[in-house]
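# Structural overview for review
Each chain is listed here by its residues.
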Amino acid sequence: MNAPDRFELFVLPDGVKKLTITPDTKIPNAATFKIEKEDHTLANMLRMQLLEDPKVLFAGYKMPHPLDHYFILKVQTTPDTNPAHVLGNAVTELIQNVGAMKNKFEMDLIRARSDASKVDNGEGEDLSSHQVDMDF
């Protein structure tokens, strides 16, 4: 089979950095980030979070090849900030969003289990059509 070993998908080889930053010499306030051992999941989340920032003029990514496990992220910002700073802010905001979503999910799960135990005891409503509220 032509597929690489599974550990190659997430283990960084010796001497390889997770993140490489290359400033763009042709476009002002722009940089290219190469992020190793990640895929479309993180790339698209970062791109979308960067585009939420009004100081970001452009954010896009590409995966050079399906068997290469890295992506290239290009970011251009307004003159009053720099791409590395807005990328750091985007990562921080994503971590906060994921934490909030995890907390919300856990609270809804506890509530659903509590409601289910009430049904088992004949106290509550039937949960066969119960939906978990994921608004946050």
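Residues numbered from 1 in each chain as written. Predicted model: local features only at pLDDT ≥ 70, side-chain atom pairs only at ≥ 80, totals over all residues. Heavy atoms only, no water.

### As for the sheet that holds strand 4 (residues 70-77)
The pairing of strands in a sheet happens through backbone hydrogen bonds and is either parallel or antiparallel. Pairing in this open sheet of four strands is antiparallel, and the strands run 1-2-4-3 from one edge to the other. In this open sheet, the two strands that pair with only one neighbour each are strand 1 (19-23) and strand 3 (56-62). On average, each strand axis in the sheet is inclined to that of its neighbour by 15 degrees, with strand direction left out of account. By the bridge criterion, five bridges tie strand 1 to strand 2 (residues 30-36) in an arrangement that is antiparallel. Directly across from I21, in strand 2, lies its bridge partner F33. Most of the contacts of helix 1 (residues 40-52) go to strand 3, to which it runs at about 170 degrees, and overall it touches strand 2, strand 3 and strand 4. (Pairing = 2+ DSSP bridges. Helix = DSSP H or I, 4+ residues; strand = E, 2+ residues; numbered from the N terminus. Axes fitted to C-alpha atoms, helices over the stretch in contact; angles between N-to-C directions. Contact = heavy atoms within 4.5 Å.)

### Describing the pattern of salt bridges
Under the defined criterion, the tally for this structure stands at six salt bridges. Residues E36 and K34 are paired through a salt bridge, measuring 3.3 Å at the closest nitrogen-oxygen approach. Assessed through its relative accessible area of 13%, E36 is described here as buried. One salt bridge in this structure joins D108 and K104, with 3.7 Å as the shortest N-O distance. Residue D108 and its partner K104 are both found in helix 2 (residues 83-120); the two are separated by four residues, about one turn of the helix. No difference in accessibility class separates D108 from K104, as the two residues are buried. (Salt bridge = Lys/Arg side-chain N within 4 Å of Asp/Glu carboxyl O. Buried < 20%, exposed > 50% of the residue type's maximum accessible area, 1.4 Å probe, protein only.)

### Describing the nonpolar core
Soluble globular proteins tend to bury their nonpolar side chains together. Ranked by size, the top nonpolar core spans 15 residues in total, and within it L46, L50, L73 and V75 carry the most contacts. Mapped by element, the contributors of at least two residues to this core are strand 2, helix 1, strand 3, strand 4 and helix 2. The element that contributes the greatest number of residues to this core is helix 2, accounting for four residues. For L73, the residues in contact, after removing those within four places along its chain, are A31, T32, F33, L46, L50, G60, Y61 and L87. (Core = buried A, V, L, I, M, F, W, Y, C linked by side-chain atoms within 4.5 Å.)

### Description of helix 1
Here helix 1 is 13 residues long and its end C-alpha atoms lie 18 Å apart, about the 18 Å a rise of 1.5 Å per residue gives. Listed as buried for helix 1 are A43, L46, Q49 and L50. Buried residues of helix 1 fall within an arc of 140 degrees about the axis and therefore sit on the same side. The exposed set on the far side of helix 1, more than 90 degrees from its buried face, consists of T41 and E52. (Expected span 1.5 Å × (residues − 1). Arc of directions from axis to C-beta.)

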